[in-house]
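Notes for the structure review
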Amino acid sequence: MRTMKGSSWRLGLWGALLGAVWVFSTTSASAQTQTATCSDENSCVIATDRAASLLVYPKVVVDTSNGVDTIIQLTHTSDRRTVDVLCFWVNANGRCAATGAICQSHLDCQTGDTCVPGWEQRDFRLTLTKRQPVSWKASEGASFLPCDPAAPDAASCIVDDQGQPIFNSGSVPPVQEDPFVGELKCIQIDENDRPVDFNELKGEATIVRTRPGTGASGGVDVAKYNAVGIQAIPGRNDQDNVLCIGGDSPTGDCPQGAEYAACPQVLIMNHFFEGATEGATQSTVRSNLTLVPCAQDFETGVNNLATRTTVQFLIFNEFEQRTSTSYRIACFDERPLADIDTRPGPADDQWSIFSIGTQGTLTGQTRLRPVSVNGEARGFLAVLEEFHDSCSNSPDGVCTAMVGLHYQGKRTLPDLVRLP
């Protein structure tokens, strides 16, 4: 999955997107229904092209002062009258220890200061009508849904068999702060806030960078990816506040075993090596990798930063020569590929095993594997963002592309998501 756009004609498209934040189309919703039956732990999967009961948007960014925002799309794909959804914004901004300024690494802080990782949640609930897609900007949220009973948009409301409109409920708050980097998780629930196994949600995220003006003084860059859908196994959900993602055997937290498809044993990433020049546009390519854990505690939030997972990387170049490295992540991690095995910043990039100078080939494949600890799967999900320079119509001369990873195998131990 790779989407890269940076042409000036998209200024009009972006304006249309902003002018029509809510989009309703039975056809578009129908096109996103799941493509295979999910009936047991062998047929229920984690994928980006199937409807699911748990959605993960691994990367959401907002920086309105620099023209950066993320459009979230969420679709109810079935003919069920309504579905209820519980979502969590996860704010992963770090803070400089001395000043409290927002940071992503120590390079964003004063000399000698350190960047302390952060994790902060904000939950919200909403009800979608049958086959209803909705969208909103992460920076703004949505104070009301389009078929709100207080002020319904008649053209947007679907009616039941008796001709009565089916109403939305709930609202979407904006992300916690601006600038923001983090993720979004959404779980399908019933009217009593209990998780259900209907597998009816589909999602997309579009990261948009804009610069006002026309011609060389302006520009738009758009990169889109599908949310990762984790399918629920029908009949397994005990409807408590602990979601059991995978697991071959029952445990104290998961008396019925797996309730959702297991997180992957291995993630496979096809990518350019850092500093490579791709042939179509002669752009130099660099990439950022975002990793988020499958397990999270939304009940107390106390263990998310303390729980660290070792990620093993096995890198193959086009000659099938192999190199490897590893590092540890907590609740959210985003960094350039070249910073995985070197110090943060560009100074050491040429020495990285992810650089073209080290590998000697244009592209390669990396296999990512989490290390299980103390009976915990410690699985994770990921998305890669490519940056292509020599792009005259983008805000800063760089076009971006979101690249999905492939999944192989499944974790034999469970990952737990604890709800409030």
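Everything discussed here concerns the structure shown above.
The text that follows walks through the structure, step by step, so that each part is easy to find.

Quick notes on the rules
- Residues numbered from 1 in each chain as written.
- Predicted model: local features only at pLDDT ≥ 70, side-chain atom pairs only at ≥ 80, totals over all residues.
- Heavy atoms only, no water.
- 1 Å grid on protein atoms, 1.4 Å probe; cavity = no way out; pocket = protein on both sides within 12 Å on 5 of 7 lines; lining within 4 Å.
- Points joined across faces, edges and corners; volume = space filled by probe spheres on them.
- Helix = DSSP H or I, 4+ residues; strand = E, 2+ residues; numbered from the N terminus.
- Nonpolar A, V, L, I, M, F, W, Y, C, P; charged D, E, K, R; others polar.
- Pairing = 2+ DSSP bridges.
- Buried < 20%, exposed > 50% of the residue type's maximum accessible area, 1.4 Å probe, protein only.
- Lys, Arg positive; Asp, Glu negative; His and termini not counted.
- Salt bridge = Lys/Arg side-chain N within 4 Å of Asp/Glu carboxyl O.
- Polar contact = N/O pair within 3.5 Å; in protein donor to acceptor, adjacent residues only side chain to side chain.
- Contact = heavy atoms within 4.5 Å.
- Disulfide = S-S within 2.5 Å.
- Phe/Tyr/Trp six-rings, centres within 6.5 Å; stacked < 30°, edge-to-face > 60°.
- Lys NZ or Arg CZ within 6 Å of the ring centre and 35° of its normal.

1. Brief notes about empty space enclosed by the protein
- This model, assessed by the stated rule, comprises one cavity of 30 Å³ or more.
- Considered as a void within the structure, the largest cavity measures approximately 40 Å³ in volume.
- Taken together, the elements giving at least two residues each to the lining of the largest cavity come down to strand E14 (219-226) and strand E25 (380-388).
- Of the residues contributing to the lining of the largest cavity, the split by class is eight nonpolar, three polar and no charged.

2. Details of the sheet that holds strand E5 (residues 82-91)
- Read from one edge of the open sheet, seven strands run E2-E15-E3-E12-E5-E9-E11, paired in antiparallel fashion. Two strands close off the open sheet at either side, each with one partner strand: strand E2 (46-47) and strand E11 (169-170).

3. Describing the side chain of Glu 274
- Tracing the sequence through the fold places Glu 274 in the loop between strand E17 (266-272) and strand E18 (276-277).
- There is no salt bridge for the buried Glu 274, and the closest opposite charge comes from Arg 286, which lies 6.8 Å off by N-O distance.
- Within polar-contact distance, the side chain of Glu 274 engages the backbone nitrogen of Ser 287 at 2.9 Å.
- If we ignore the near neighbours within four places in the chain, the residues touching Glu 274 are Val 285, Arg 286, Ser 287, Leu 337, Ala 338, Phe 354, Ser 355 and Ile 356.

4. What to know about the state of the cysteines
- The tally for this structure, following the rule as stated, stands at eight disulfides.
- Paired through a disulfide, Cys 244 and Cys 254 show a sulfur-sulfur distance of 2.1 Å. Given an S-S torsion of about -100°, the disulfide between Cys 244 and Cys 254 has left-handed geometry. Highlighted residues: Cys 244 in strand E16 (residues 242-245) and Cys 254 in the loop between E16 and E17, separated in sequence by 10 residues.

5. Brief notes about the environment of Ser 326
- Inspection of the secondary structure puts Ser 326 in strand E22 (residues 322-329).
- A relative accessible area of 40% places Ser 326 in the partly exposed class.
- Spatially, the C-alpha atoms of Ser 326 and Asp 341 are 7.5 Å apart, while their sequence positions differ by 15 residues.

6. Focus: the layout of surface pockets
- Reported here for the second largest pocket is a volume of approximately 450 Å³.
- Together, 22 residues line the second largest pocket, and Ala 295, Gln 296, Thr 307, Glu 376 and Leu 416 are the ones closest to its centre.
- By residue number, the principal contributor to the lining of the second largest pocket is strand E28 (residues 415-418), which donates three residues.
- Counted by class, the lining of the second largest pocket contains seven nonpolar, nine polar and six charged residues.

7. Some points on the side chain of Asp 333
- Along the chain, Asp 333 turns up in strand E23 (residues 333-336).
- Judged by its relative accessible area of 10%, Asp 333 falls in the buried class.
- Among the polar contacts made by the side chain of Asp 333, one reaches the side chain of Arg 335 at a distance of 2.8 Å.
- Those residues in contact with Asp 333 that lie beyond four places of it in its chain are Leu 289, Thr 290, Leu 291 and Tyr 327.

8. Some remarks on the pairing of E25
- Of all the nine residues making up E25, nine are buried; the element is thus mostly covered by neighbouring parts of the structure.
- Neither face of E25 is exposed, since Phe 380, Ala 382, Leu 384, Glu 386 and His 388 on one face and Leu 381, Val 383, Glu 385 and Phe 387 on the opposite face are all buried.
- In this structure, strand E19 (residues 284-293) lies alongside E25, joined through nine bridges in antiparallel fashion. Paired with Val 292 across the strands is Leu 381, a residue of E25.

9. A word on the pattern of salt bridges
- Inspection of every chain in the model, using the stated rule, returns 18 salt bridges.
- Salt-bridge contacts for Lys 59 lead to Glu 385; the nearest nitrogen and oxygen are separated by 2.3 Å. Here Lys 59, found in strand E3 (residues 54-62), pairs with Glu 385, found in strand E25; they are 326 residues apart in sequence, far enough to count as distant.
- For Arg 95, the salt bridge goes to Glu 177, with nearest N and O atoms at 2.4 Å. In this pair, Arg 95 is assigned in strand E6 (residues 94-96) and Glu 177 in the loop between E11 and strand E12 (180-189), connecting sequence segments 82 residues apart.
- On the accessibility criterion, Arg 95 (34% relative accessible area) is partly exposed.

10. Regarding the environment of Asp 79
- Here Asp 79 is to be found in the loop between strand E4 (68-76) and E5.
- When the C-alpha positions of Asp 79 and Glu 200 are compared, they lie 9.4 Å apart, and in sequence the two are 121 residues distant.
- Beyond its immediate stretch of four places on either side in the chain, Asp 79 contacts Lys 130 and Arg 131.
- In terms of polar contacts, Asp 79 uses its side chain to reach the side chain of Arg 131, at 3.0 Å.

11. Focus on the packing of aromatic side chains
- The full count for this structure, using the stated rule, is seven aromatic pairs.
- With 5.8 Å between their ring centres and 35° between their planes, Trp 119 and Phe 298 make a pair best called tilted. One end of the pair, Trp 119, is in the loop between strand E8 (115-116) and strand E9 (120-129); the other, Phe 298, is in the loop between strand E20 (296-297) and strand E21 (309-317), and 179 residues separate them in sequence. Neither Trp 119 nor Phe 298 differs from the other in exposure class; each is buried.
- Seen in terms of ring centroids, Phe 313 and Tyr 327 are 5.4 Å apart; in terms of plane orientation they differ by 10°. Their pairing is stacked. Of the two residues, Phe 313 sits in strand E21 while Tyr 327 sits in strand E22, which places them 14 residues apart along the sequence. Side by side, Phe 313 and Tyr 327 carry an identical accessibility label, which is buried.
- A connected cluster of aromatic rings, assembled from ring pairs, spans Trp 89, Phe 124, Trp 136 and Phe 180.
- If you follow Arg 80 out to its NZ or CZ, it ends over the ring of Phe 198, 3.7 Å from the centre.

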